[in-house]
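# Breakdown of the fold
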2 protein chains.
Amino acid sequence: MKALLLIAHGSNRQESNQEIQVLAEKLAVASCGFDLVQCAFLELTQPSIPSALEDLVRHGADDITAIPYFLAAGRHVVTDIPEQLNGFMETHKDITIRQTAYIGQANGIVDMLLDLLASGVEVSS
Amino acid sequence: MKALLLIAHGSNRQESNQEIQVLAEKLAVASCGFDLVQCAFLELTQPSIPSALEDLVRHGADDITAIPYFLAAGRHVVTDIPEQLNGFMETHKDITIRQTAYIGQANGIVDMLLDLLASGVEVSS
C-alpha cells in the first residue's frame, strides 16, 4: 500500500502546524496516487517522523514517499530527515521509503513569488 | 525607488543560503516592477534583515516590499520578521516597508507538490 508523508519543520505556534495538516488533507483529497496521506514534523510538535511512519505502517503502508516541505537544502533536508527515514527503514526491513525533492526545488517557484507579489496579499496568520 | 527584499530563514549550510541568493537573482532578472532586489536572512548567516535594508536604502530605496520565503505562519513570520521591519522603520521614518504574504499562502502550493511528486525528482543538495 502506497503512502505519502508530508514532512514539515514544525512550530511552537499551533496555527502554523494546522496549516500543514490542512495541506496534507488537500493532498489526500487530490488522491495523487497514494492510498494514505499523513503529515509529520521534524521538531517542536507531533506527530514526529517515526511516529507518523509507525502510524502509516500500522494502516498497511509498505511503500512510503516522503516529501520534505522545506524551501532550501539546509541541514534538515540533507541530514536530519534522511537520518530519521533511514533509521526507520533499518528497523522495518519490509518497508520502502523514498525521499523526494523538497518543494524549493519545484519548477515554478519564481512564478509563484511573482504571482504572490502581483496579488498584493497582505500577511495573515 | 522600489525595492524587493526576499527574506529566508538562513542556514549553517552555505549551499542552502546560495539557493536563496540565486532565487533573488532570478527575481531581479524577472524585474517584476522593482528597481532593486536583495535577499536577507533571519538567522545563521548574512546579510541580516537590518543590514540588507540599510544596503537597499543606501542604494536609494524608499519603498520596500518584504516577502517572507517561509511555508507556514510560525513565530518567524508572525513575530520576528515584523519586529525587525518595524524596528527599522522606527529609525528610518522616510522609508516605507510592507510585508507581503509568505510563500506558503500562495495559490498553487498543492499543485506544485503534485507536480513535484509526478516528476519523481530525487532530492539533491
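Everything numeric here is computed off the predicted structure, so don't read it as measured data.

### Observations concerning the layout of surface pockets
In this model, the largest pocket occupies a volume close to 890 Å³. Residue lining of the largest pocket: 36 residues in total, with His9(A), Phe70(A), His9(B), Phe70(B) and His76(B) positioned closest to the centre. For the lining of the largest pocket, the secondary-structure elements that each account for two or more residues are helix H1 (14-29) and helix H3 (75-91) of chain A together with helix H1 (14-29) and helix H3 (75-91) of chain B. Counted by class, the lining of the largest pocket contains 15 nonpolar, 16 polar and five charged residues.

### A few points about the relation of the copies chain A and chain B
Rotating chain A by 180° about the axis while translating it 0.0 Å along that axis superimposes it on chain B, leaving an RMSD of 0.0 Å. Accordingly, the operation relating the two chain copies is best matched by a two-fold axis. When C-alpha distances to the rotation axis are compared across chain A, the minimum falls at Leu71(A), with a value of 3.8 Å. Interface residue correspondence from chain A to chain B reaches 100%, placing this contact among same-surface, isologous pairings.

### Points about unusual backbone geometry
Residue and element names in this part refer to chain A. Here Gln-46 and Pro-47 are connected by a cis peptide whose omega angle stands at 0°. One can find Pro-47 in the loop between strand S2 (36-41) and helix H2 (49-58). Positive phi, close to 75°, is recorded for Leu-44, a residue that is not glycine. Here Leu-44 lies in the loop between S2 and H2.

The rules behind the values
- Residues numbered from 1 in each chain as written.
- Chains lettered and ligands numbered in written order.
- Predicted model: local features only at pLDDT ≥ 70, side-chain atom pairs only at ≥ 80, totals over all residues.
- Heavy atoms only, no water.
- 1 Å grid on protein atoms, 1.4 Å probe; cavity = no way out; pocket = protein on both sides within 12 Å on 5 of 7 lines; lining within 4 Å.
- Points joined across faces, edges and corners; volume = space filled by probe spheres on them.
- Helix = DSSP H or I, 4+ residues; strand = E, 2+ residues; numbered from the N terminus.
- Nonpolar A, V, L, I, M, F, W, Y, C, P; charged D, E, K, R; others polar.
- Least-squares fit on C-alpha atoms with pLDDT ≥ 70 in both.
- Contact = heavy atoms within 4.5 Å.

Read these as geometric descriptors, not functional statements.
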